[in-house]
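# Working through the structure, step by step
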2 protein chains.
Amino acid sequence: MKKSSILIIEDNVDIRENISELLMLSGYTTYEAPNGKLGVTMALERLPDLILCDIMMPELDGYGVLHILSKHQQTLHIPFIFLTAKAEKTDMRRGMTLGADDYITKPFDESELLVAIENRLKKSHHKLEFATVGGQFNDLFAHKVIKTYGAKQLIYTEGDTPAYIYFLHQGKVKIVKMNKDGKEVVLELCSNDDFFGYWGVLEDQNHQETAEVLEDSVIWQIPVEDFTLLLVHNREVSMRFLKLLSKNLLLKENKMLELAYESVRKRVANALVALSDIYAVNGHFCMRVPRELIASMAGTSVETAIRMLSEFKADAYIDIASSEITILNYEMLKKAPF
Amino acid sequence: MKKSSILIIEDNVDIRENISELLMLSGYTTYEAPNGKLGVTMALERLPDLILCDIMMPELDGYGVLHILSKHQQTLHIPFIFLTAKAEKTDMRRGMTLGADDYITKPFDESELLVAIENRLKKSHHKLEFATVGGQFNDLFAHKVIKTYGAKQLIYTEGDTPAYIYFLHQGKVKIVKMNKDGKEVVLELCSNDDFFGYWGVLEDQNHQETAEVLEDSVIWQIPVEDFTLLLVHNREVSMRFLKLLSKNLLLKENKMLELAYESVRKRVANALVALSDIYAVNGHFCMRVPRELIASMAGTSVETAIRMLSEFKADAYIDIASSEITILNYEMLKKAPF
DNA sequence: CGGCATATTGAAGAACATCAAGTAAAGTGG
DNA sequence: CCACTTTACTTGATGTTCTTCAATATGCCG
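A quick note: this is a predicted structure, and the numbers were derived from the prediction, not measured.

Once that is clear, we can look at the domain arrangement of chain A. Per the domain assignment, the segments making up chain A are domain 1 (5-128), domain 2 (145-248) and domain 3 (264-334). Relative placement of domain 1 of chain A and domain 3 of chain A: their C-alpha centres are 37 Å apart.

It is worth spelling out the sheet that holds strand S12 (residues 286-287) of chain B at this point. Residue and element names in this part refer to chain B. Here 3 strands make up an open sheet; going across it, the order is S12-S14-S13 and the pairing antiparallel. What marks the edges here is a single partner per strand, and that holds for S12 and strand S13 (318-321). Inspection of the sheet shows S13 paired to strand S14 (residues 324-327) by 4 bridges, in the antiparallel sense. Paired with Ala321 across the strands is Glu324, a residue of S14. Relative to the sheet, helix H10 (residues 302-314) contacts S13 and S14, its axis offset from that of S13 by approximately 110°.

All names here are of chain A. With phi around 60°, Asp204 is a residue other than glycine that occupies positive phi space. Among the structural elements, Asp204 can be located in the loop between strand S10 (194-196) and strand S11 (210-223). The exposed category is assigned to Asp204, whose relative accessible area is 74%. The backbone of Ser323 sits at a positive phi, close to 55°, despite the residue not being glycine.

Moving on, we come to the interface of chain A and chain B. Listed by partner, the interface residues are 46 residues for chain A and 46 residues for chain B. Around 4,400 Å² of area is buried between chain A and chain B when both sides are counted, 71% of it from carbon and sulfur atoms. Along the contact surface separating chain A from chain B lie 4 salt bridges. A salt bridge links Lys252 of chain B to Glu253 of chain A; the shortest N-O distance between them is 3.2 Å. Viewed at the interface, chain B and chain A are joined by 10 residue pairs in polar contact (both at pLDDT 80 or more). Only strand S8 (164-178), strand S9 (184-190), helix H6 (224-233), helix H7 (235-261) and helix H9 (291-298) of chain A provide two or more residues apiece to the side of chain A that touches chain B. Per element, the largest residue contribution to the side of chain A that touches chain B is 21 residues, and it comes from H7 of chain A.

All right, on to the sheet that holds strand S5 (residues 102-105) of chain A then. Residues and elements named next belong to chain A. The strand order across the open sheet built from 5 strands is S2-S1-S3-S4-S5, with neighbouring strands paired in parallel fashion. Every other strand in the sheet has two partners, leaving strand S2 (29-33) and S5 as the edge strands with one partner each. Averaged over all adjacent pairs, the angle separating strand axes in this sheet is 20°, with direction ignored. Sheet topology note: the strand S1 (residues 5-9)/strand S3 (residues 50-54) ladder contains 4 bridges and is parallel. Within the sheet, the bridge partner assigned to Ile8 lies in S3 and is Leu52.

Residue and element names in this part refer to chain A. Summarising the element assignment, Thr75 is placed in the loop between helix H3 (62-69) and strand S4 (80-84). In this structure Thr75 comes out as buried when scored by relative accessible area, which is 3%. Among residues more than four places away in sequence, those in contact with Thr75 are Ala43, Leu44, Leu47 and Leu69.

The end-to-end C-alpha separation of H7 of chain A is 39 Å, in line with the 39 Å expected for 27 residues at 1.5 Å each. Measuring from the backbone nitrogen of Glu236 of chain A back to the side-chain oxygen at the start of H7 of chain A gives 2.9 Å, which picks out Asn234 of chain A as the cap.

Two descriptors summarise a pair of aromatic rings, namely the distance from one centre to the other and the angle between the planes of the rings. For the structure shown, the criterion picks out 32 aromatic pairs over all chains. Summarising the aromatic geometry, the rings of Phe80 of chain B and Phe82 of chain B are spaced 5.2 Å apart at their centres and angled 80° between planes, so their arrangement reads as edge-to-face. On the basis of relative accessible area, Phe82 of chain B is assigned to the buried category, the value being 0%. With a centroid separation of 5.6 Å and an interplanar angle of 25°, the aromatic rings of Tyr156 of chain B and Tyr166 of chain B are classed as stacked. Separated by 10 residues along the polypeptide, Tyr156 of chain B in strand S7 (residues 154-156) and Tyr166 of chain B in strand S8 (residues 164-178) bring together distant segments of the chain. Tyr166 of chain B carries the same exposure label as Tyr156 of chain B, and that label is buried. The rings of Phe141, Phe167, Phe195, Tyr198, Trp199, Trp220, Phe227 and Phe241 of chain A are connected pair by pair, giving a single aromatic cluster. Sitting over the ring of Trp220 of chain B, Lys144 of chain B keeps its end group 4.2 Å from the ring centre.

Secondary-structure assignment places Phe195 of chain A in strand S10. You can call Phe195 of chain A buried: its relative accessible area is 7%.

So, on to the environment of Ile19 of chain A. Residues and elements named next belong to chain A. By the secondary structure assignment, Ile19 is in helix H1 (residues 13-25). For the pair Ile19 and Cys286, spaced 267 residues apart in the sequence, the C-alpha separation amounts to 30 Å. Once you skip the residues sitting within four places of it in the chain, Ile19 turns out to touch Ile8, Leu52, Leu83, Phe108 and Leu113.

Mapping chain A onto chain B calls for a screw motion: a turn of 180° about the axis and a shift of 0.0 Å along it, with 0.1 Å RMSD after fitting. In the structure described here, the two chain copies are related by an operation that fits a two-fold rotation axis. Counting the interface residues of chain A, we find that 100% of their copies in chain B are interface residues as well, pointing to one common contact surface.

About the criteria used
Residues numbered from 1 in each chain as written. Chains lettered and ligands numbered in written order. Predicted model: local features only at pLDDT ≥ 70, side-chain atom pairs only at ≥ 80, totals over all residues. Heavy atoms only, no water. Domains from an automatic or database assignment. Pairing = 2+ DSSP bridges. Helix = DSSP H or I, 4+ residues; strand = E, 2+ residues; numbered from the N terminus. Contact = heavy atoms within 4.5 Å. Axes fitted to C-alpha atoms, helices over the stretch in contact; angles between N-to-C directions. Buried < 20%, exposed > 50% of the residue type's maximum accessible area, 1.4 Å probe, protein only. Buried area = accessible area lost by both parts, 1.4 Å probe. Salt bridge = Lys/Arg side-chain N within 4 Å of Asp/Glu carboxyl O. Polar contact = N/O pair within 3.5 Å; in protein donor to acceptor, adjacent residues only side chain to side chain. Expected span 1.5 Å × (residues − 1). Phe/Tyr/Trp six-rings, centres within 6.5 Å; stacked < 30°, edge-to-face > 60°. Lys NZ or Arg CZ within 6 Å of the ring centre and 35° of its normal. Least-squares fit on C-alpha atoms with pLDDT ≥ 70 in both.

Dropping the structure here:
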């Protein structure tokens, strides 16, 4: 498999060459640009598979580069990662909202950078499935609005009229439904690259669920008109969503069976497994999850959920240290009755 | 609204004219044919909106008429109702399997006939949505196989590889899912004109559920290849199933909430409401339903379901006479906590 | 460091499942 | 068509599971 090419836009020579060397050692082809203007030229010319770009630069800063490249059809879909010294949140937000795919703060260690790059290359593949070139309606993401949300923000609530359908570019979102007593069930946990909020659109119904952000997230909003148009006129899109819907349906059928007849113990165990699949990526099986989330995933009360956690701790399937849960025995939790 | 035209094929003059008169009084236009051969000619010529046809006739019997008309594109979709003296099951089965839409046994009373005709006229409308004329793949029902199933027969079970998707032409079918302890949840109750068994097809998965017939049913089987082809090539079909899927999804989300937090009492009440919507048509709110079905709809044990039924009986919301349930207070059952 | 939110444990009781036993209904074969 | 068998329905008693209310503990934030 051919290794990808990466463009590095960075004014500091030391840093630039350092990164370049690292990437070449990993087998990537690299291009270097010492400022924003040259960076843009080079990007348009070489069409790299990914762009790393500093924010603070003479001539043209990183935001400018991103802005210009997002205006060109050829460079629009190239994964774009910001490099920055300051780790300020507002800063990151601005970059993300402009359409950057990721954000790495200097100083970074090598593996951090390499992992981020690999992730983005993998994902760009996925998104391109939707970005079939052609007429004005052929791109689901053509009129996307990028937004950042903080934890606990509500994206939409039960009863809202859908204005957008959502693509979770980065972060975590829970989709919940409440009964009249105020008790919640988690219908779905969304993580990177999941679509959500499209369920009622086809029926011309208002949202029947609430979408709440679990941790800072970058969300692409797609106008419903675009969505419904593409659904009718673009086979790829309609087939994709048919599959999404039926997959979802099968998942919910399983969940129904679980809620009807499984013990709370089993349901909490399943919730933990599902959570660790989303939270505990790259090796470290640690997660800080509010107990109420676990409870509403298992369809039980908070107290009962906690009791089960205590049991699992006693059985050494998990560990809890300052309310942070560590999965010790994933397989055991997943296995039947136990 | 223009009243529909009906062709009556019947060798007995008295009966024929009797029916004709009745229908004309109801505002229908009628054509009469004294034998099968003439019936076919007339059907092709006049293209009526519905055909009533005797089975036992000289020249060409009812089965023959149906067979011939189903070979012609123009008459294929005309609702076809058999009139017959003998009410034998095997007889009815043969007719239904050939593609008749309904079956009326003589002697019949006037309202019975009129109701059957009206139902069929209403329904033919619905089916035509799928029957867009044109190329060879344009008709979802083009290669349908019509089958009759008796109560308790299994149409497919969990793990089966889908060979068909199903359209329930007449009858009732439950879609259930079992957990390892053998406990069942009803995922869906299908009645006339529902599609089922298409959920896993898009994912190339085997059936994750079991479809069991609740009462004698006529089912149209559509080869999966036809279905998947149409899904890709026919916008009407793909949009229709997108909507079906999302509607289904919303229903299941509600069911999840219910299973998680509603009391058994409420769940059993909901099950009764759902059952009466399907069983208790045209006024008489009576139904003979196995308790196990109610239990698996409510996600509880049979005993508990029965206890709730006894409670409802005591509260005069329902009545039970020789294990037949009559809904006395539909609204009350539907209303919240109570 | 105090105040607020979240997490944890305890105890009491309601809700529900299970087992057991009896009754009514529905097939079945002579 | 009837005795007989089998299946489905119904009720009671008992124990488990889970919720609820209450009290305490811990972590978090300015």
